[in-house]
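Geometric and topological summary
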Amino acid sequence: MRIAVIGGTGLIGSKVVRKLNADGHEAVPHSKSTGVDVVTGEGLDKALTGADVVVNLTNSPTFDEAAPAFFRQSMDNLLNAGQKAAVRHFVVLSIVGVDQVPELDYYRAKALQEEVLAAGPIPYSVVRATQFMEFIDAVMSWTADSDTVRLPATPIQPIAAQDVADAVADVAVGAPLQGIHNIAGPEVFRLDELGRITLAAGSDSRTVITDDTAGMFGVIHGDVLTGKGDATLAPTRYADWLAAR
């Protein structure tokens, strides 16, 4: 298959491209650095010409109230270009529980992205993943100072970026799902607990304080960000990922 990977130079996209090419497909990465702009539409027609599948891994530059406009415009442009190119399958990476957190601008924007895709003219698949292990340090940095890290006790089920990329690649070369495929890491942690594990592994002496109002995840209720029973569990455990990084 010939697969256009939009956002193909990023954390997940670069891994998806490598996986697909290793499996014998022709995966081509596209991004602003290759002359493709999903907001203006520049370069999209050329990027999608001849593609059997388009995988959209682009992300909003902000997590605030501007995010919905980004996803609406980028999806409209990609769907239009994909229809002209006779693309047969459109894959988007989203977030487990994204439609259950209306309090967050970014999650509402990602839910909108899914809605636009489902209403569009191209057969589609949505891969929803839990929180990436690679993002835990960034999450801690939002509410950290020199001595403490404040984190809520929100349950999360972290997944390694490579496992996400493998799942996206597998879905991309399969038949369109016309629905959602959930993937999750193999273990559920409280976010404050995960913070303590991460700091200890890095010999970081800061103290994690449990604060259920801290950071973006402080507004999450219950276990909506975990994979539940319908999720495919990825193999990489957090301790093994920490040891290997």
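The coordinates are above.
In short, a report on the structure. (Residues numbered from 1 in each chain as written. Predicted model: local features only at pLDDT ≥ 70, side-chain atom pairs only at ≥ 80, totals over all residues. Heavy atoms only, no water.)

1. Describing the pairing of strand β5 (residues 124-129)
With six of six residues buried, β5 is to be regarded as a mostly interior element. Where burial is concerned, the two faces of β5 agree: the one with Tyr124, Val126 and Arg128 and the one with Ser125, Val127 and Ala129 are both buried. Here six bridges tie strand β4 (residues 89-95) to β5, and the two strands are oriented parallel to one another. Paired with Val92 across the bridge in β5 is Val126. In this view, the connection linking β4 to its parallel neighbour β5 by way of helix α4 (residues 105-119) has right-handed handedness. Bridging between β5 and strand β8 (residues 180-184) involves four bridges; their strand directions are parallel. Its bridge partner lying in β8, Arg128 is registered against Asn182. (Buried < 20%, exposed > 50% of the residue type's maximum accessible area, 1.4 Å probe, protein only. Helix = DSSP H or I, 4+ residues; strand = E, 2+ residues; numbered from the N terminus. Pairing = 2+ DSSP bridges. Right-handed = clockwise from strand over helix to strand, strands pointing away.)

2. Section: the side chain of Lys110
Structurally, Lys110 is set in helix α4. Buried and without a salt bridge, Lys110 has Glu114 as its closest oppositely charged side chain, separated by 7.0 Å. A distance of 2.8 Å separates a polar side-chain atom of Lys110 from the backbone oxygen of Leu93. Excluding residues that lie within four positions of it along the chain, Lys110 makes contacts with Phe71, Leu93, Ser94, Ile95 and Val98. (Lys, Arg positive; Asp, Glu negative; His and termini not counted. Salt bridge = Lys/Arg side-chain N within 4 Å of Asp/Glu carboxyl O. Polar contact = N/O pair within 3.5 Å; in protein donor to acceptor, adjacent residues only side chain to side chain. Contact = heavy atoms within 4.5 Å.)

Just geometry here; none of it tells us what the structure is for.
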